[in-house]
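Below, each chain spelled out in residue letters.
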Amino acid sequence: MGARVEGFAQAVVEVVLRHAPDFDAAAIEMRPSSKGNYLAVTCTFRAISQLQVDNLYRELTSHPMVKVVL
């Protein structure tokens, strides 16, 4: 989840693709917050290892546009 700004969803997809190259970017789900200030982006992928998930999590949480990663 991050601020609803231009390029946020694309930035998330780029990070996910670095860690899961077979991720289908067309399958992302996006939901704006009730007031429209934030955007939740859901990316579902098949993980091949815990290390892959951990590295993806670390990169997403350190991204300046990302506020929360679940």
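See the structure printed just above.
Caption draft 1: View of the pairing of strand E2 (residues 29–32). In this structure, E2 lies alongside strand E3 (residues 38–42), joined through four bridges in antiparallel fashion. Directly across from Pro 32, in E3, lies its bridge partner Leu 39. Connecting E2 to the antiparallel partner E3 that follows it, the hairpin turn spans five residues, and Gly 36 within it adopts a positive phi of roughly 80 degrees.

Caption draft 2: Region of the structure containing the sheet that holds E2. Strand order in the open sheet formed by three strands is E1-E3-E2, with antiparallel pairing between adjacent strands. The two strands at the open ends of the sheet, each matched to only one other strand, are strand E1 (2–3) and E2. Here helix H1 (residues 8–19) sits on the sheet and contacts E1, E2 and E3; the angle it forms with E3, its principal contact strand, is near 30 degrees.

Caption draft 3: Molecular detail of the environment of Phe 23. Within the element layout of this structure, Phe 23 appears in the loop between H1 and E2. Residue classification places Phe 23 among the buried positions, given a relative accessible area of 7%. Sequence spacing of Phe 23 and Ser 62 is 39 residues, and the spatial spacing of their C-alpha atoms is 21 Å. Once residues lying within four places of it in the same chain are set aside, the contact partners of Phe 23 are Val 13, Val 16, Leu 17, Ile 28, Cys 43, Thr 44 and Phe 45.

Criteria and thresholds
- Residues numbered from 1 in each chain as written.
- Predicted model: local features only at pLDDT ≥ 70, side-chain atom pairs only at ≥ 80, totals over all residues.
- Heavy atoms only, no water.
- Pairing = 2+ DSSP bridges.
- Helix = DSSP H or I, 4+ residues; strand = E, 2+ residues; numbered from the N terminus.
- Contact = heavy atoms within 4.5 Å.
- Axes fitted to C-alpha atoms, helices over the stretch in contact; angles between N-to-C directions.
- Buried < 20%, exposed > 50% of the residue type's maximum accessible area, 1.4 Å probe, protein only.

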